[in-house]
Amino acid sequence: MSFPEGDKIYYLQSSRKPDYYASIRTGERVLRGERSNPSDYSQQFLLKYDINDADSSQAFCTLTDVGDKILLGVNSVDQFQPVYGLDRAQAWILRPANAGYSIGQLSEGREYTWTIGNEGDPIVISSGIVNAESWQFVPVPPQ
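Keep in mind that what you see is a predicted model, and the values were worked out from it rather than measured.

(A) Representation of the overall build of the protein in the model. Scanning the protein from N- to C-terminus turns up zero helices and 14 strands. Element order for the protein, N to C, with α for helix and β for strand: β-β-β-β-β-β-β-β-β-β-β-β-β-β. For the protein, whose C-alpha radius of gyration is 14 Å, the value lies close to the compact-globule estimate of 15 Å for 143 residues. C-alpha atoms of the protein, sized along the principal axes, occupy 40 × 30 × 30 Å. For the protein, the residues scored as buried account for 46% of the 143 residues in total. Of the roughly 7,300 Å² of accessible surface on the protein, a fraction of 47% belongs to carbon and sulfur atoms. For the protein, the centre of its 12 positive side-chain charges and the centre of its 18 negative side-chain charges are spaced 2 Å apart.

(B) Structural view of the pattern of salt bridges. Applying the stated criterion across every chain yields a total of nine salt bridges. In this structure, Lys-8 engages Glu-5 in a salt bridge whose closest nitrogen and oxygen atoms are separated by 3.8 Å. With its nearest N and O atoms 3.4 Å apart, the salt bridge here joins Asp-87 to Arg-29. Of this pair, Asp-87 sits in the loop between strand E9 (84-86) and strand E10 (92-97) while Arg-29 is found in the loop between strand E2 (20-25) and strand E3 (31-35), placing the two residues 58 residues apart along the sequence. The partly exposed category is assigned to Arg-29, whose relative accessible area is 37%. Each of Asp-19, Arg-35 and Glu-119 takes part in a single network of salt bridges with overlapping partners.

(C) A look at the packing of aromatic side chains. Tallied over the full model, the rule gives six aromatic pairs. Consider the rings of Tyr-10 and Phe-137, whose centres lie 5.5 Å apart with planes at 85°: the pair is edge-to-face. With Tyr-10 in strand E1 (residues 8-14) and Phe-137 in strand E14 (residues 135-139), this residue pair connects regions lying 127 residues apart in the sequence. Judged by relative accessible area, which is 5%, Tyr-10 ranks as buried. Pairing Tyr-101 with Phe-137 gives two aromatic rings, centres 5.9 Å apart and planes at 80°, and the pair type is edge-to-face. Of this pair, Tyr-101 sits in strand E11 (residues 100-107) while Phe-137 sits in strand E14, and the two are 36 residues apart along the sequence. With a relative accessible area of 9%, Tyr-101 lands in the buried category. Owing to a relative accessible area of 10%, Phe-137 belongs among the buried residues under this scheme. An aromatic cluster is defined as three or more aromatic residues linked by ring pairs; in this entry it consists of Phe-3, Tyr-10, Tyr-101 and Phe-137.

(D) Representation of the pairing of E2 in the model. Burial of E2 is extensive: five of the six residues sit out of reach of the surface. In this structure, E2 lies alongside E3, joined through five bridges in antiparallel fashion. Looking at E3, one finds that Ala-22 is bridged to Gly-33. Hairpin connection between E2 and E3: a loop of five residues separates the two successive antiparallel strands, and Gly-27 in this loop has a positive phi of roughly 85°. Sheet topology note: the E2/strand E4 (residues 41-42) ladder contains two bridges and is antiparallel. The partner of Ile-24 across the bridge, within E4, is Ser-42.

(E) Here's a closer look at unusual backbone geometry. At Asp-7, a residue that is not glycine, the phi angle is positive and equals roughly 60°. In this model, Phe-80 sits at a positive phi of 65°, which is unusual for a non-glycine residue. Its location among the elements puts Phe-80 in the loop between strand E7 (70-73) and strand E8 (81-82).

Parameters and conventions
Residues numbered from 1 in each chain as written. Predicted model: local features only at pLDDT ≥ 70, side-chain atom pairs only at ≥ 80, totals over all residues. Heavy atoms only, no water. Helix = DSSP H or I, 4+ residues; strand = E, 2+ residues; numbered from the N terminus. Rg over C-alpha atoms; globule rule 2.2 N^0.38 Å. Buried < 20%, exposed > 50% of the residue type's maximum accessible area, 1.4 Å probe, protein only. Areas by Shrake-Rupley, 256 points an atom, 1.4 Å probe, with all protein chains shown as cover. Lys, Arg positive; Asp, Glu negative; His and termini not counted. Charge placed at Lys NZ, Arg CZ, Asp CG, Glu CD. Salt bridge = Lys/Arg side-chain N within 4 Å of Asp/Glu carboxyl O. Phe/Tyr/Trp six-rings, centres within 6.5 Å; stacked < 30°, edge-to-face > 60°. Pairing = 2+ DSSP bridges.

Printed below as a string of structure tokens:
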């Protein structure tokens, strides 16, 4: 499976819950799982690769909220930490998973990947989940 094209803007759609997209509510910085509604939420993210070996099983990237120009990250890499829009870049690891890609970070030899709960809940990172959440990178049509 090849990786999504870099330097492009995407909607990040949950593969397990396809009605939910990674979203940031107006006036907030926490990433949440929300239904597609671009008028109420910032739902477009720029994918930029730090390192991408086409033959590799993983790629390192940053994800930037296009609306507010903030980078996605966590305050600490630990169980159930929410993903936020931050002012500093953090690298995420993409790996092919199920019907998309897992998005995660490493800490002390453990990988923590994005996990979505119910609608409106923060997207958090977690480790040890048997069927890790996967995400589709849906291209935003040119305007």
